[in-house]
Structure formats: structure tokens, C-alpha cells
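# Reading the structure
These are the residues of each chain, in order.
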Amino acid sequence: AYFAVESAAPVLGGLETGVVDTENGYVYGVVAGEDVNLFFSVENGSFKMVANEAGYTNGTVATLVVMDTNGNEVAYFTLVIFGDVNGDGAVTGADGSVVTIAGLGAEIEGGEAYAFAADIDASGDVTGADGSVITLAGLGGEITVNPYAA
């Protein structure tokens, strides 16, 4: 008799500051401009990054694809870089301008993940305060990689 051996399901975990938000389908905690591989690992499998519409694998709305040991795709997560609202993986004055204008009532284009990335103080709203922090970060100031950390 032959028995099929089931391999354990792959489990995505965070390294360093990496966070896996299974409820919202996001991964975050990645330092802008850094290699995503430094922040996540998969037990019983692997992962790959798929570029966003802007062509970046380390920018907001890039996709982290979890694969089992046979290379089958089993889960998908949207990458969020807090402060990066144009998907280029960097936090710049251009991002700050978009967020500042959104704080005045304009909508952030590109969907919920960009709005999540813009809410740098985790208040639940995108405000001018978020835009100011992002603008200052674009000039060399500090920005958190995870505003939800205790």
C-alpha cells in the first residue's frame, strides 16, 4: 500500500519589524528602500515578491506570494510601506504632498492599501498631520515602520 505524505502548510512569519496582518491581508514593518526578504520568512515553503503597477517589488501594493514546498501559490498579501503612497518604495516629499492634500479632503488614488500607508499615526484617518510627518521623513526625518506597534 502507498500512502500520500501531507507536508505541513507554509506559515509566513515576520522577522525584525515585519508584521503579517492576516485579517486585512497586509504585510508591513519593512523599512523603506530595504529588501523585503530581510523582514519575512516562510516555514514549510517560500515566498516571492510580485511588482506593483509602478514596477517595484519593495513598494506599497507590491504582492507577497506565499508558496508551499512544491511551489504552489497558497496565499497573497499586499505590502504596505508606511508613508509610501505612490508605490515606489521610498518615502519622499511627493508622498507627503499627496497625503497633505488628502488631509484636506481629497482621495488617495490606488485603493485602501495606499490610504493605510498614509495613516502614519494610526488614527484611522488621513490628516494633514500624517502629511507633515511624511514630508519631514522625505527630508531625512524619522518615520515609523509600524505605527501600530505598542
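Refer to the structure printed above.
Residues numbered from 1 in each chain as written. Predicted model: local features only at pLDDT ≥ 70, side-chain atom pairs only at ≥ 80, totals over all residues. Heavy atoms only, no water.

Glancing now at the sheet that holds strand E2 (residues 19-21). Across the sheet, which stays open at both edges, the five strands sit in the order E2-E3-E7-E6-E5 with mixed pairing between neighbours. Edge positions in the open sheet fall to E2 and strand E5 (45-50), since each of these has one partner strand only. When strand polarity is set aside, the average angle formed by the axes of neighbouring strands in this sheet is 30°. Both strand E6 (residues 63-68) and strand E7 (residues 73-79) contribute to a ladder of five bridges, which runs antiparallel. Paired with Val 66 across the two strands is Ala 75, which belongs to E7. (Pairing = 2+ DSSP bridges. Helix = DSSP H or I, 4+ residues; strand = E, 2+ residues; numbered from the N terminus. Axes fitted to C-alpha atoms, helices over the stretch in contact; angles between N-to-C directions.)

On to the environment of Ser 97, then. Following the sequence through the fold, Ser 97 ends up in helix H1 (residues 93-103). By relative accessible area, which is 40% here, Ser 97 ends up partly exposed. Between the alpha carbons of Ser 97 and Gly 128 there is a distance of 9.4 Å; along the sequence they are 31 residues apart. (Buried < 20%, exposed > 50% of the residue type's maximum accessible area, 1.4 Å probe, protein only.)

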